[in-house]
Every structure is written in structure tokens, then in C-alpha cells.
Amino acid sequence: MKILLVEDEVQVVSFLKMGLEEHGHSVSVALDGQSGFEMLVGHEYDLVLLDIMLPGINGMDFLRQAREKKIQTPIIMLTALGTTENVISGLETGADDYLVKPFKFEELIARITAVTRRSATREKVVDDHILSFADIVVDDHLKSVKRNGEKINLTHTEYRLLCCLIRNKNRVLTREQLLNQVWGIDFELTTNVVDVYVNYLRKKIEKEAKDRIIHTVVGIGYVLKIEDL
């Protein structure tokens with residue numbers, strides 16, 4: 001793959017560039033956010049590895065501007081800022097994954113594999129583009145969600161989570177399954193990002209409804225169903 005590495009720590013750059021090239025990837029390097037963003041806009045890359053604390057424009061602004069320009073290149077954030085709030089902020093801004101420093105190189109390779117696999121499949125056309133459950137209707141072509149005819153505004157991640165739950169309605173999904181299907185992560189993540197996003201989704205989907213439809217299965221995960229049997 002052609003990878004753009006945006007990182008200002010020279011030792012980190014040297015380590016990552018050498019390791020990635022040994023795995024057969026072509027690596028371009030930018031030592032500040034502004035030049036990295038210009039490289040992303042002017043060239044085609046298969047993946048971006050992006051630090052947050054950068055001179056010029058920081059990684060979050062880089063990510064935000066890239067998504068505003070409809071650049072869909074997968075982006076993995078590399079940062080020492082590892083709180084749940086930091087992870088959620090990065091994912092919500094448009095990151096495909098978030099890796100906290102220090103990390104093992106093998107973990108980075110695993111994340112790259114997961115992200116690129118998800119990127120390769122998410123653009124596939126779904127013939128049955130209308131998803132429904134109870135009074136919820138999702139148009140996957142328009143990326144619109146309505147409940148009882150009223151439009152509900154969801155973030156990109158909340159939307160993917162809802163679609164996953166609807167496609168697996170009446171089936172209990174573990175947190176690991178949700179991480180894999182929604183985030184493309186097929187290994188343990190140490191934050192409670194699944195629980196946080198289920199809570200976000202509940203507040204929007206169940207806000208005006210009398211009955212809960214997203215149910216917690218204690219010790220396992222979540223299920224979308226009409227009533228808690």
C-alpha cells in the first residue's frame with residue numbers, strides 16, 4: 001500500500017517507516033500537519049497514519065478538514081492521548097481507528113489490516129437499501145433515519161451502529177462482534193467505546209418512545225428487539 005505517515009518525532013518516523021517498508025508498503029512522510037494535508041490532497045494514498053500533536057495544523061484539524069473535503073482515505077490516529085474521551089473524539093471526527101502510544105508494531109500491523117479490510121468492503125452496493133425495525137426506517141442510499149416519520153440525525157458512527165443492530169435484529173451481539181462489524185476491529189479494545197455509543201444511540205432513537213428497543217444483555221452485549229422477554 002501507499003501510506004502517508006504524518007508524524008513529527010523523527011525517531012518514531014524512522015522506526016515506523018523501516019517496519020512498514022519491510023512489510024512491503026511504500027511510505028511517504030510529512031513532519032508537520034500542513035505539509036501532510038497538502039500531500040494528502042495532492043496525491044492518492046491507501047492509508048494515513050496521523051499523529052495528533054503536530055506543528056502547523058494538529059491531527060484533529062487535519063482529520064476534520066480531510067473529511068470535510070470528502071476525502072475517504074482510511075486514517076489511523078497515533079497519539080499519546082488515550083482517554084475514552086480522546087478516542088471517541090477521534091472516531092467521531094472521522095478516524096477509522098485510534099492507536100495509543102506506546103504501541104507494539106505488531107498491533108499497528110493488525111490495525112492496518114482491519115481498517116483496510118473494512119475500507120475495501122464498505123463501498124459495496126447493498127441491493128436491499130431500505131432497513132426497517134418497528135417504526136424505524138433507514139434509507140442506506142440517502143443515509144437517512146426516521147422513526148415514526150420523524151427524521152433523526154445520527155453521527156456517522158451512530159448510523160453504522162444502528163444499521164448493524166437492525167441487520168441483526170432479535171440477535172444478541174457481543175461487544176467484540178460490534179467492534180468488528182461497526183469499527184472493523186477484530187481484537188480487544190481497552191476502552192468502553194461500544195457502551196458509550198450504544199448510550200448515544202439510545203438517547204436519540206428512544207428519546208420520544210415509551211419502550212426501550214436496544215436491550216443490554218448483562219455480561220454479553222446488546223440486542224435490538226421489541227420487548228425484553
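Our structure's up above, just so we're on the same page.
Scoring rules and cut-offs
- Residues numbered from 1 in each chain as written.
- Predicted model: local features only at pLDDT ≥ 70, side-chain atom pairs only at ≥ 80, totals over all residues.
- Heavy atoms only, no water.
- Axes fitted to C-alpha atoms, helices over the stretch in contact; angles between N-to-C directions.
- Helix = DSSP H or I, 4+ residues; strand = E, 2+ residues; numbered from the N terminus.
- Left-handed = near helix turned anticlockwise from the far one by under 90°.
- Contact = heavy atoms within 4.5 Å.
- Nonpolar A, V, L, I, M, F, W, Y, C, P; charged D, E, K, R; others polar.
- Salt bridge = Lys/Arg side-chain N within 4 Å of Asp/Glu carboxyl O.
- Buried < 20%, exposed > 50% of the residue type's maximum accessible area, 1.4 Å probe, protein only.
- Pairing = 2+ DSSP bridges.
- Parallel < 35°, antiparallel > 145°, perpendicular 65-115°, else oblique.

Further remarks concern the packing of helix H4 (residues 84-93) against helix H8 (residues 193-205). Direction vectors running N to C along H4 and H8 enclose 60°, while the axes themselves pass 11 Å from each other. The chirality of how H4 crosses H8 is right-handed. When H4 is examined against H8, the residues Thr84, Ile88, Leu91 and Glu92 are found in contact with a partner set consisting of Val193, Val196, Tyr197 and Tyr200. Here the contact of H4 with H8 is built from residues that sort into six nonpolar, one polar and one charged.

In this section: the pattern of salt bridges. Close approach of charged atoms allows side chains of opposite charge to pair. Under the definition given, this model contains 14 salt bridges. Residue Lys101 pairs with Asp51 through a salt bridge whose shortest N-O separation is 3.4 Å. One end of the pair, Lys101, is in the loop between strand E5 (97-100) and helix H5 (105-121); the other, Asp51, is in strand E3 (residues 47-51), and 50 residues separate them in sequence. Per residue, the accessibility class of Lys101 equals that of Asp51, and both read buried. Ionic pairing is found between Asp140 and Lys143, a salt bridge with its closest N-O pair at 3.2 Å. Owing to a relative accessible area of 12%, Asp140 belongs among the buried residues under this scheme. Salt bridges sharing common partners tie together Glu7, Glu9, Asp51 and Lys101.

Spatial strand order, E10-E12-E11: three strands in an open sheet with antiparallel pairing. Looking along the sheet, the strands with just one partner apiece sit at the ends: strand E10 (173-174) and strand E11 (214-217). Where E10 and strand E12 (residues 221-224) come together, two bridges link them in antiparallel fashion. Along E12, the bridge assignment pairs Leu173 with Tyr222. Strand contacts of H8: E11 and E12, with the helix running at about 150° to E11, the strand carrying the most contacts.

Our focus in this paragraph is the packing of helix H6 (residues 156-167) against helix H7 (residues 175-183). Orientation of H6 relative to H7, taken along the N-to-C sense of each, is 120°, at an axis distance of 9 Å. The orientation of H6 with respect to H7, classified from their angle, is oblique. Viewed along their axes, H6 and H7 form a crossing whose handedness is right-handed. Facing H6, whose interface residues are Thr157, Arg160, Leu161, Cys164 and Leu165, H7 presents Leu178, Gln181, Val182 and Trp183. Its residues placed into classes, the contact of H6 with H7 shows six nonpolar, two polar and one charged.

Note on placement: Thr93 falls in helix H4. Setting aside residues up to four positions removed in sequence, Thr93 forms contacts with Met60, Leu63, Arg64 and Arg67.

Sheet strands associate in pairs through backbone hydrogen bonding, adopting either a parallel or an antiparallel arrangement. Taken in spatial order, the five strands line up as E2-E1-E3-E4-E5 in an open sheet, and their pairing is parallel. The two strands at the open ends of the sheet, each matched to only one other strand, are strand E2 (26-30) and E5. Between one strand axis and the next, the sheet turns through 20° on average, direction left out of account. With four bridges joining them, E3 and strand E4 (residues 75-79) adopt parallel strand pairing. What sits directly across from Leu50, in E4, is Met77. Sheet contacts for helix H3 (residues 59-68): strand E1 (2-6), E3 and E4; angle to E4, the most-contacted strand, approximately 170°.

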